[in-house]
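Below, each chain spelled out in residue letters.
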Amino acid sequence: DESILVICYTNHALDQFLEYMLRLGEEKLVRIGGRTRSENLKKYELKSLSRKEKTFNVTDADCRMRSVVAQLHACKEEMTELLKTLQM
């Protein structure tokens, strides 16, 4: 199982890419960043997945999702720190 991190300059560009992936049948998505205007993508936002994760019983899938969410939070923090370095 491989993951791809996609970074876009705008939220609109990211939404377009992710909506295209949905049309291709890909549903293993996690969207990080500002809010999406796309109703199709709202359930894939990190915040939505985090809230959803807390309401269900713990299963193997939930454990994997928690691991992915933790990794995504770590990536977001690292990218934030890198951006601060670039802005200096």
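Refer to the preceding data block for the structure.
These lines cover the structure that appears in this document, whether it is placed above or below. (Residues numbered from 1 in each chain as written. Predicted model: local features only at pLDDT ≥ 70, side-chain atom pairs only at ≥ 80, totals over all residues. Heavy atoms only, no water.)

Counting residues in hydrophobic clusters, the biggest one holds five residues: Leu14, Leu18, Leu29, Leu41 and Tyr44. Once you skip the residues sitting within four places of it in the chain, Tyr44 turns out to touch Leu22, Glu27, Leu29, Val30, Arg31 and Leu49. (Core = buried A, V, L, I, M, F, W, Y, C linked by side-chain atoms within 4.5 Å. Buried < 20%, exposed > 50% of the residue type's maximum accessible area, 1.4 Å probe, protein only. Contact = heavy atoms within 4.5 Å.)

With respect to the secondary-structure elements, Arg31 resides in the loop between helix H1 (11-23) and helix H2 (46-55). Accessibility expressed as a relative area gives 2% for Arg31, which makes it buried. Engagement of the side chain of Arg31 in a polar contact is seen with the side chain of Asp15, the distance being 2.7 Å. Sequence-distant contacts of Arg31, that is, excluding residues within four places in its chain, are made with Asn11, Leu14, Asp15, Leu18, Thr36, Tyr44, Glu45 and Leu46. (Helix = DSSP H or I, 4+ residues; strand = E, 2+ residues; numbered from the N terminus. Polar contact = N/O pair within 3.5 Å; in protein donor to acceptor, adjacent residues only side chain to side chain.)

Following the criterion strictly, the structure yields three salt bridges and no others. Linking Lys42 and Glu39 is a salt bridge whose minimum nitrogen-to-oxygen distance equals 3.1 Å. For Lys42, a relative accessible area of 32% corresponds to the partly exposed category. A residue is classified by how much of its surface remains accessible, and Glu39, at 61% relative accessible area, is exposed. (Salt bridge = Lys/Arg side-chain N within 4 Å of Asp/Glu carboxyl O.)

Before going further, it helps to spend a moment on the side chain of Thr36. The topology assignment puts Thr36 in the loop between H1 and H2. Looking at Thr36, its side chain comes within polar contact range of the side chain of Asp15, at 2.8 Å. Discounting chain neighbours no more than four positions away, the residues touching Thr36 are Asp15, Arg31, Leu41, Lys42 and Glu45.

We now examine H1. If you check H1, its first and last C-alpha atoms are 18 Å apart, about what 13 residues at 1.5 Å a residue would give, namely 18 Å. Taken together, the buried positions of H1 are Leu14, Asp15 and Leu18. All buried residues of H1 fall inside an arc of 100 degrees around its axis, so they share one side. In this structure, H1 carries His12 and Arg23 as exposed residues pointing more than 90 degrees from its buried face. Directly beyond the C-terminal end of H1, a positive phi value near 105 degrees is found at Gly25. (Expected span 1.5 Å × (residues − 1). Arc of directions from axis to C-beta.)

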